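Structural characterization, general
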Amino acid sequence: MMMTKVYLIRHGIAANREDYVEDDTQRPLTTEGVQKTGKIARRLRELGLQFDLILSSPLVRARQTAEVLQAAGLSQQVELSPHLAPEGMLLDWWNDRRNWRDYASLALVGHEPNLGHWTESLVWGEVRSRLVVKKASIMGVSLPESGSAIGRSELFLLAPPRFLL
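Labelled according to an unreviewed UniProt entry, the protein appears under the name Phosphohistidine phosphatase SixA, originating from Roseofilum casamattae BLCC-M143.

1. Points about the pairing of strand β2 (residues 53–56)
Burial along β2 is two-sided: L53 and L55 facing one way and I54 and S56 facing the other are all buried. When β2 meets strand β4 (residues 105–110), the two strands line up parallel, connected through 4 bridges. By the bridge assignment, S56 is partnered in β4 with V109. Since β2 and strand β3 (residues 78–80) lie parallel, the crossover through helix α2 (residues 60–71) that links them has a hand, and here it is right-handed.

2. Comments concerning the side chain of S105
Here S105 lies in strand β4. A distance of 2.9 Å separates the side chain of S105 from the backbone oxygen of Q50, its partner in a polar contact. Apart from the residues lying within four places of it in its own chain, the contact partners of S105 are K5, Y7, Q50, F51, D52 and L53.

3. Points about the packing of aromatic side chains
Tallied over the full model, the rule gives 4 aromatic pairs. Ring centres of Y7 and F51 lie 5.2 Å apart, and the angle between their planes is 55°; on these two criteria the pair is classed as tilted. In this pair, Y7 is assigned in strand β1 (residues 5–10) and F51 in the loop between α1 (31–46) and β2, connecting sequence segments 44 residues apart. We note that Y7, like F51, is buried. Centre to centre, the rings of W93 and W94 are 6.3 Å apart; their planes meet at 55°, and the pair counts as tilted. Cluster of aromatic residues (ring-pair linked, three or more members): Y7, F51 and F156. Positioned over the ring face of F156 is K5, at 4.9 Å from the centre of the ring.

4. Digging into the environment of A41
Relative to the helices and strands, A41 is located in helix α1. Residues A41 and A71, spaced 30 residues apart in sequence, show a C-alpha to C-alpha distance of 8.7 Å. If we ignore the near neighbours within four places in the chain, the residues touching A41 are V68, L69, A72 and L74.

5. Considerations on helix α4 (residues 114–124)
α4 sits mainly inside the fold: 9 of its 11 residues count as buried. Every buried residue belonging to α4 is among N114, L115, G116, W118, T119, E120, S121, L122 and V123, and all of these are buried. Where α4 terminates, the next one or two residues include G125, which has phi positive at roughly 85°.

Here is what the cut-offs are and how they apply
Numbering of residues begins from 1 in every chain and follows the order in which that chain's sequence is written. With the structure being a predicted model, the display of local features is reserved for residues of pLDDT at least 70 and the display and counting of side-chain atom pairs for 80 or more, all residues being used for whole-chain, interface and lining totals. The side-chain quantities take in all heavy atoms of the structure and omit both hydrogens and water. The cut-offs for exposure are 20% and 50% of the maximum accessible area for each residue type, with area from a 1.4 Å probe on protein chains only; residues under the lower value are buried, those over the upper are exposed, and the others partly exposed. Under the DSSP-based scheme used, a helix requires at least four consecutive residues in state H or I and a strand at least two consecutive residues in state E, with every element numbered from the N terminus. Strand pairing is defined by DSSP finding a minimum of two bridges between the two strands. Whether a crossover is right-handed depends on one test, that the path from the first strand over the helix to the second runs clockwise when the strands point away from the viewer. In protein, a polar contact requires one atom able to donate a hydrogen and another able to accept it; more generally it is a pair of N or O atoms within 3.5 Å, and residues adjacent in sequence count only if both atoms are side-chain atoms. Contacts are assigned to residue pairs that have any heavy atoms within 4.5 Å of one another. Centres within 6.5 Å are what make two rings of Phe, Tyr or Trp a pair, Trp counting through its six-membered ring; a difference in plane orientation under 30 degrees is then read as stacked, over 60 as edge-to-face, and the rest as tilted. Charge-over-ring placement is defined geometrically: NZ (Lys) or CZ (Arg) within 6 Å of the ring centre, and within 35 degrees of the ring normal.

What follows is the structure, encoded as structure tokens:
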């Protein structure tokens, strides 16, 4: 088994919650959200990032973010994962790793507070609610080659959108 680099990416700027009270799962990216996410995706590509697979929350705004990343040439492959939905759990995603464990570079597109909490759990072994994850932010974590990743992973990237625009 190889070491996997996991990039946790929060979805871009989305429409107002108040406009989607009936069904928040359908809330899309705004025009500004698509444009800014596209600029960030192109910048990531310029920096040499490439993902073997992009896993995305099934919610519209996350799927659209994953599609923008794919369109920028960051990956050929996008799959939806229910574990990345707002109610998703890190341990469920980890236990489902047989589907991605052979990838060297994996992007996870999801939501807050999950992504911040997942990153904290992977690095520190517990949720501390200290990471601020702005929309279209990216965090990079190296998972250990074997055993549990909880509390044993290394944070190597934490970039808010303003550093990538």
